[in-house]
Amino acid sequence: MPSTLLFRAGGDQSVRGYGYQQLGVREGEAIVGGRYLLTGGAEYQYWFRPPWGVAFFVDAGNAADKFKELKPEVGYGVGARWRSPVGPINVDIAYGQAVRKARLHFSLGFTF
């Protein structure tokens, strides 16, 4: 199957705490796509002084070649929210449990 049709996870819109497409099938030192993808997350936003808010979140997910091999990796953290005149701006600090590192995630605008 062409690699463009396979899945990887990780990044701002997937599993925060991991780099973009850092999660997937490990082949030696490389991460390649898998046939199955499972991601999910929960986020609580509190608007303490609109347009300013804070968010707490947990994300989990991964990609694998076989459904039975899907072992979700977890990332969690806290973020700042601002409803700007041009759209929402989110700045998150997330910790990826599997890599034992914190990452800064930034997003601008609405997610579709």
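Computed from a prediction, not measured in an experiment: that's the story for all the values here.

A word on the packing of aromatic side chains
Given two aromatic rings, their pairing is described by the distance between the two centres and the angle made by the two planes.
Phase 1 of the analysis: In this structure the tally under the stated criterion is three aromatic pairs.
Phase 2 of the analysis: For the ring pair Tyr36 and Phe67, a centre distance of 6.1 Å and an interplane angle of 75° mean the geometry is edge-to-face. With Tyr36 in strand S3 (residues 36-49) and Phe67 in the loop between strand S4 (52-64) and strand S5 (73-84), this pair connects stretches of sequence that are 31 residues apart.
Phase 3 of the analysis: A relative accessible area of 58% means that Phe67 is categorised as exposed.
Phase 4 of the analysis: Each ring, one from Trp52 and one from Trp82, has its centre 5.6 Å from the other, and the planes form 15°; the classification is stacked. Remark: Trp82 occurs in strand S5 and Trp52 occurs in strand S4; sequence separation between them is 30 residues.
Phase 5 of the analysis: The lysine or arginine in question, Arg16, covers the ring of Phe57, its NZ or CZ lying 3.7 Å from the ring centre.
Phase 6 of the analysis: The side chain of Arg83 reaches across the aromatic face of Trp47, ending 3.8 Å from its centre.

As for the environment of Pro50
Phase 1 of the analysis: Among the structural elements, Pro50 can be located in the loop between S3 and S4.
Phase 2 of the analysis: What makes Pro50 exposed here is its relative accessible area of 57%.
Phase 3 of the analysis: In this structure the C-alpha to C-alpha distance between Pro50 and Arg83, which are 33 residues apart in sequence, comes to 7.7 Å.

Observations concerning the sheet that holds S5
Phase 1 of the analysis: Spatially, S3-S4-S5-S6-S7 is the arrangement adopted by the five strands of the open sheet, whose pairing is antiparallel. In the strand order of this sheet, the two ends are held by S3 and strand S7 (101-108), each with one partner. Across the sheet, the axes of successive neighbouring strands diverge by a mean angle of 20°, strand direction being ignored.
Phase 2 of the analysis: Of the strand pairs in this sheet, S3 and S4 are connected by 12 bridges, and their pairing is antiparallel. Within S4, the residue paired with Gly40 across the bridge is Ala60.

Things to note about the layout of surface pockets
Phase 1 of the analysis: Roughly 180 Å³ of internal volume is contained in the second largest pocket.
Phase 2 of the analysis: Lining of the second largest pocket is provided by Tyr18, Gln22, Leu23, Gly24, Arg26, Ile31, Asn62, Glu73 and Val99.
Phase 3 of the analysis: Of the residues in the lining of the second largest pocket, the class split is four nonpolar, three polar and two charged.

What counts and what doesn't
Residues numbered from 1 in each chain as written. Predicted model: local features only at pLDDT ≥ 70, side-chain atom pairs only at ≥ 80, totals over all residues. Heavy atoms only, no water. Phe/Tyr/Trp six-rings, centres within 6.5 Å; stacked < 30°, edge-to-face > 60°. Helix = DSSP H or I, 4+ residues; strand = E, 2+ residues; numbered from the N terminus. Buried < 20%, exposed > 50% of the residue type's maximum accessible area, 1.4 Å probe, protein only. Lys NZ or Arg CZ within 6 Å of the ring centre and 35° of its normal. Pairing = 2+ DSSP bridges. Axes fitted to C-alpha atoms, helices over the stretch in contact; angles between N-to-C directions. 1 Å grid on protein atoms, 1.4 Å probe; cavity = no way out; pocket = protein on both sides within 12 Å on 5 of 7 lines; lining within 4 Å. Points joined across faces, edges and corners; volume = space filled by probe spheres on them. Nonpolar A, V, L, I, M, F, W, Y, C, P; charged D, E, K, R; others polar.

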